[in-house]
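Tertiary structure, described
So you can see what is in the structure, the chains are spelled out below.
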Amino acid sequence: IAGAVLGFIMARWLPYDHFALYLFLAATTMVGVIAMQVSPHGLSWIFLTITSTMVILSGLNDPMSAVDVAFYRCFEVAIGVTSAIIVANVLQEWHSEPPPVVPGWRHLLGAQWPAVLQGIRSAISVVAVLQVWIWIDLPDVAEMVITIAIVMSAPVLAGGLGSRHAVAERSLHRLMGCVIGGIVALGCLAVQVTSFPWWLAMIGAGVWLGMHVQVGKHGVGYVGTQAVIVFIVTMI
């Protein structure tokens, strides 16, 4: 909700000022990436980044559409979250877990400086991809910026080489997941199933397989996550 409101407010003038647009997207991406490293509510921060980016970039050609994008984004997420909560309450046993241990927002210029550097790198990447988008006239820049935020939010490890390896691994897993999910979805669509229950059954089976990979112990969980996202989007 915060990302949708922020994106709607900024969409009133950012589409008309590309320099301010660059600064805003770089800043929100940087904050989201840093928050994933230091905040106990990092997922909320990264969703703020993603949603505000979607609202603003989706309205570049038609700023008046920002309100629709913001509303439906909140509406869709609310339905998904509500459905997940209901199903989890019905089918899953609950047990208390200790909250995640994170360093918090303190010492950003000290012990947490590597996280800040990662945020700065993500901001530079966003500006670079926006410029390439303008030069080459690519069709959709929103997913490119979102991908940067997700990939760069990989855990920052001690030392530059460790962080680069984590980002490279997240990038490879995201690409592999996209390819696998897309291929499986195209294979299901090629069957040309016209029965809605069977179509739902195929989606359920694909999601189950992807989640099986996500919670597996082989270190490729994000491949399953991304494959499921692409599978669902393609099928629908």
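Residues numbered from 1 in each chain as written. Predicted model: local features only at pLDDT ≥ 70, side-chain atom pairs only at ≥ 80, totals over all residues. Heavy atoms only, no water.

1. Brief notes about helix α6 (residues 142-152)
For α6, the buried fraction is high: eight of the 11 residues fall into the buried class. By the burial criterion, the buried members of α6 are Ala-142, Val-145, Ile-146, Ile-148, Ala-149, Ile-150, Val-151 and Met-152. (Buried < 20%, exposed > 50% of the residue type's maximum accessible area, 1.4 Å probe, protein only. Helix = DSSP H or I, 4+ residues; strand = E, 2+ residues; numbered from the N terminus.)

2. A few points about the side chain of Gln-37
With respect to the helices and strands, Gln-37 occurs in helix α2 (residues 18-38). A polar side-chain atom of Gln-37 sits 3.2 Å from the main-chain carbonyl oxygen of Ser-153. (Polar contact = N/O pair within 3.5 Å; in protein donor to acceptor, adjacent residues only side chain to side chain.)

3. Concerning the packing of α2 against α6
Between α2 and α6, whose axes approach to 9 Å, the crossing angle comes to 25°. Compared by their axis directions, α2 and α6 come out roughly parallel. Seen along the crossing, α2 lies across α6 with a hand that is right-handed. Contact with α2, carried on its side by Thr-29, Val-33 and Gln-37, involves Val-145, Ala-149 and Met-152 of α6 and no other residues of that element. Of the residues that constitute the contact of α2 with α6, the class distribution is four nonpolar, two polar and no charged. (Axes fitted to C-alpha atoms, helices over the stretch in contact; angles between N-to-C directions. Parallel < 35°, antiparallel > 145°, perpendicular 65-115°, else oblique. Left-handed = near helix turned anticlockwise from the far one by under 90°. Contact = heavy atoms within 4.5 Å. Nonpolar A, V, L, I, M, F, W, Y, C, P; charged D, E, K, R; others polar.)

4. Observations concerning the layout of surface pockets
Reported here for the largest pocket is a volume of approximately 1600 Å³. Around the largest pocket, the lining comprises 32 residues; the ones closest to its centre are Phe-47, Ile-50, Arg-73, Thr-225 and Ile-229. Of all the secondary structure elements, the ones that give two or more residues to the lining of the largest pocket are α2, α3 (42-58), α4 (66-91), α6, α7 (160-190), α8 (196-214) and α9 (221-235). No other element matches the nine residues that α9 contributes to the lining of the largest pocket. Considered as a void within the structure, the second largest pocket measures approximately 240 Å³ in volume. Considering the residues around the second largest pocket, the lining is formed by 13 residues, among which Ile-1, Ala-2, Phe-47, Thr-51 and Val-77 are closest to the centre. Listed by contribution, the elements that provide at least two residues to the lining of the second largest pocket are α1 (2-10), α3 and α4. The dominant element in the lining of the second largest pocket, judged by the number of residues it contributes, is α3, at five residues. Grouping the amino acids of the lining of the second largest pocket by side-chain chemistry returns nine nonpolar, three polar and one charged. (1 Å grid on protein atoms, 1.4 Å probe; cavity = no way out; pocket = protein on both sides within 12 Å on 5 of 7 lines; lining within 4 Å. Points joined across faces, edges and corners; volume = space filled by probe spheres on them.)

5. Quick look at unusual backbone geometry
Even without being glycine, His-107 reaches a positive phi, approximately 60°. Mapped onto the elements of the fold, His-107 is located in the loop between α4 and α5 (113-136). Of note, Gln-192 is a non-glycine position whose phi angle comes to about 60°, a positive value. Tracing the backbone shows Gln-192 in the loop between α7 and α8.

6. Considerations on the side chain of Gln-112
For Gln-112, the position within the fold is in the loop between α4 and α5. Once residues lying within four places of it in the same chain are set aside, the contact partners of Gln-112 are Val-38, Pro-103, Arg-106 and His-107.

7. Details of the packing of aromatic side chains
One pair of aromatic rings is described through two measures. These are the centre distance and the angle between the planes. Enumeration over the complete set of coordinates arrives at four aromatic pairs. Between Trp-45 and Trp-105, the aromatic rings sit 5.5 Å apart at their centres with planes inclined by 65°, giving edge-to-face as the arrangement. Here the residue Trp-45 occupies a position in helix α3, and Trp-105 occupies one in the loop between α4 and α5, the gap between them amounting to 60 residues. The exposure class of Trp-105 is partly exposed, given its relative accessible area of 37%. Ring centres of Phe-71 and Tyr-72 lie 5.2 Å apart, and the angle between their planes is 75°; on these two criteria the pair is classed as edge-to-face. (Phe/Tyr/Trp six-rings, centres within 6.5 Å; stacked < 30°, edge-to-face > 60°.)

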